[in-house]
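Structural characterization, general
Listed here are the chains, written in short residue letters.
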Amino acid sequence: MTWETNPLKSHDNMVKIFLITLATVATNIGVQDYQKEINTQVWEPFIRTFNTFDTEGFMNVHSKDAIRSPRDGKIIFGRDHYYRQQKNGDARSRENGDKRTLELRFTERIANAREAIDVGIYKTTNITSNGERSSFFGRFHVVLRKENNTWKILVDTDSSEGGTITEEDFLAAAPME
């Protein structure tokens, strides 16, 4: 009797396939749960506070160990510098009566119980006090870490990649779910 015709071995193979499928589905469900937590704890407040020039709220979604790198500028700095830069920019925009909207879409999301990496395309639209609108696009890479049961941004980098990121790239990426 060969293994193909042996009913016990065939049953064993079916059980193995079922268990592998179940493990894959459970893993995907777990990753989706992490992504929902990240959306709720990081991305939703990140977008809201960025759009409303709320520096304190914006920085609250970042780790105390945060590292920021606007790669177009070829610079890297820590949380304190990031805070000062964000606060000054937010104050200037409020004084000028400007508005802005940030939208995020994702091209890759990897997560486990403690760390995550999100990659995607952002669209920032600035609206001056006289109503002039301009949109900018870029690719972001973010490393997140769970700290005291809350997701925080640990590393935040972005780049316009020489101005080559377009609205088509943005629309091709997946919306936040």
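Scroll up to find the structure.
Residues numbered from 1 in each chain as written. Predicted model: local features only at pLDDT ≥ 70, side-chain atom pairs only at ≥ 80, totals over all residues. Heavy atoms only, no water.

**A word on the environment of Lys-123**
So the rule is basically this: Strands are runs of DSSP state E lasting at least two residues, helices are runs of H or I lasting at least four, and both sets are numbered from the N terminus onward. Contacts are residue-level and defined by heavy atoms, with any inter-residue pair within 4.5 Å sufficient. In protein, a polar contact means a hydrogen-donor-capable atom and an acceptor-capable atom, both N or O and within 3.5 Å, with residues adjacent in sequence counting only if both atoms are side-chain atoms; elsewhere, any N or O pair within 3.5 Å suffices.
Tracing the backbone through its elements, the reader meets Lys-123 in strand 4 (residues 115-127). When residues no more than four places from it in sequence are discounted, the contact partners of Lys-123 are Thr-101, Leu-102, Glu-103, Ser-135, Phe-136, Phe-137, Glu-167 and Phe-170. Only 3.3 Å separates the side chain of Lys-123 from the side chain of Glu-167, close enough to count as a polar contact.

**Concerning the packing of aromatic side chains**
To keep it simple, the criterion reads: Between rings of Phe, Tyr and Trp, where Trp is taken as its six-membered ring, a pair exists when centres lie within 6.5 Å; planes separated by under 30 degrees are stacked, by over 60 edge-to-face, and by other angles tilted. Accessibility here uses a 1.4 Å probe with only protein chains present; expressed as a share of the type maximum, an area under 20% marks a residue as buried, one over 50% as exposed, and anything in between as partly exposed.
Applying the stated criterion across every chain, the model contains nine aromatic pairs. Consider the rings of Trp-43 and Phe-46, whose centres lie 5.2 Å apart with planes at 75 degrees: the pair is edge-to-face. Separated by three residues within a single helix, Trp-43 and Phe-46 lie in helix 1 (residues 7-51), roughly one turn from each other. Here the two residues Trp-43 and Phe-46 agree in accessibility, since each one is buried. Grouped by ring-pair contacts, the aromatic residues Trp-43, Phe-46, Phe-50, Phe-58, Phe-77, Tyr-82, Phe-106 and Phe-140 constitute a single cluster.

**Regarding the side chain of Arg-109**
Tracing the chain through its elements places Arg-109 in strand 3 (residues 99-111). Judged by relative accessible area, which is 18%, Arg-109 ranks as buried. Setting aside residues no more than four positions away along its own chain, Arg-109 makes contact with Gln-35, Ile-38, Asn-39, Trp-43, Ile-117 and Asp-118.

**Some remarks on the pairing of strand 1 (residues 62-70)**
Stated formally: Paired strands, in this sense, are two strands between which DSSP finds at least two bridges.
Across five bridges, the pairing between strand 1 and strand 6 (residues 150-159) is parallel. For Ser-69, the partnering residue across the bridge sits in strand 6 and is Thr-157. Pairing analysis gives two bridges linking strand 1 to strand 2 (residues 77-78), with the strands arranged antiparallel. When the bridges of strand 2 are listed, Ile-67 appears paired with Gly-78. Hairpin connection, strand 1 to strand 2: the antiparallel pair is bridged by six residues, and Lys-74 has positive phi, about 55 degrees.

None of this, on its own, says anything about what the molecule does.
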